[in-house]
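Residue-level structure breakdown
Residue strings, one per chain:
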Amino acid sequence: ARTISRNRPGWPVISADGNTLFFTGMNRPGGQGGEDIFYSTLNDNDWIRAAPLRGQVNSRSHEFATAVSADENQIVLFTPRADGLGRGDLYFADKG
């Protein structure tokens, strides 16, 4: 097995077709700070370098992916953002 990510990866979620891996990374380059959601796609049996999700999914808080829609256009995430309703809330977001 080969490592495809460093910086404390966690919370892995694989797409329905098995070709995209979503995970969190702590203070990774390109992230917003804290724990952000990144993704890597499978290309010719090799995982490409992970990139952060675009749009407003990631923030300075901690984000954790919990589910991805079958078409990979929507993601459900858990985050304890300051504007939330409690100590952690579920958000639905477009992949971006």
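The rules behind these values
- Residues numbered from 1 in each chain as written.
- Predicted model: local features only at pLDDT ≥ 70, side-chain atom pairs only at ≥ 80, totals over all residues.
- Heavy atoms only, no water.
- pLDDT = per-residue confidence, 0-100.
- Helix = DSSP H or I, 4+ residues; strand = E, 2+ residues; numbered from the N terminus.
- Pairing = 2+ DSSP bridges.
- Axes fitted to C-alpha atoms, helices over the stretch in contact; angles between N-to-C directions.
- Salt bridge = Lys/Arg side-chain N within 4 Å of Asp/Glu carboxyl O.
- Buried < 20%, exposed > 50% of the residue type's maximum accessible area, 1.4 Å probe, protein only.

1. Let's talk about the confidence of the model for the protein chain
Averaged over the protein chain, the pLDDT score is 85; the fraction of residues at 70 or greater is 90%. When the elements of the protein chain are averaged for pLDDT, strand 6 (residues 64-68) gives the smallest value, 82, and strand 3 (residues 35-43) the largest, 92.

2. What about the sheet that holds strand 7 (residues 74-79)?
Strands pair in a sheet through their backbones, by hydrogen bonds, and they do so in one of two ways: parallel or antiparallel. The 3 strands lie next to each other as 6-7-8, forming an open sheet whose pairing is antiparallel. Of all the strands in the sheet, just strand 6 and strand 8 (89-94) have a single pairing partner and so form its edges. Each strand axis lies, on average, 30 degrees off the axis of its neighbour in the sheet, ignoring direction. Inspection of the sheet shows strand 7 paired to strand 8 by 6 bridges, in the antiparallel sense. Across the sheet, isoleucine 75 pairs through a bridge with alanine 93, a residue of strand 8.

3. Quick notes on the pattern of salt bridges
Taken as a whole and assessed by the stated rule, the structure comprises 1 salt bridge. Between arginine 81 and glutamate 63 there is a salt bridge, and its shortest N-O distance comes to 3.4 Å. Note that arginine 81 is positioned in the loop between strand 7 and strand 8 and glutamate 63 in the loop between strand 5 (51-52) and strand 6, a separation of 18 residues in sequence. Classification of arginine 81 by relative accessible area gives buried; the value is 16%. In this structure glutamate 63 comes out as buried when scored by relative accessible area, which is 0%.

4. Some details on unusual backbone geometry
Phi angles above zero are rare outside glycine, and asparagine 45 is one such case at about 65 degrees. Tracing the sequence through the fold places asparagine 45 in the loop between strand 3 and strand 4 (46-47). For glutamate 72, which is not glycine, the phi torsion reads 65 degrees and is therefore positive. With respect to the secondary-structure elements, glutamate 72 resides in the loop between strand 6 and strand 7. Relative accessible area serves as the criterion here: at 11%, glutamate 72 is assigned to the buried category.

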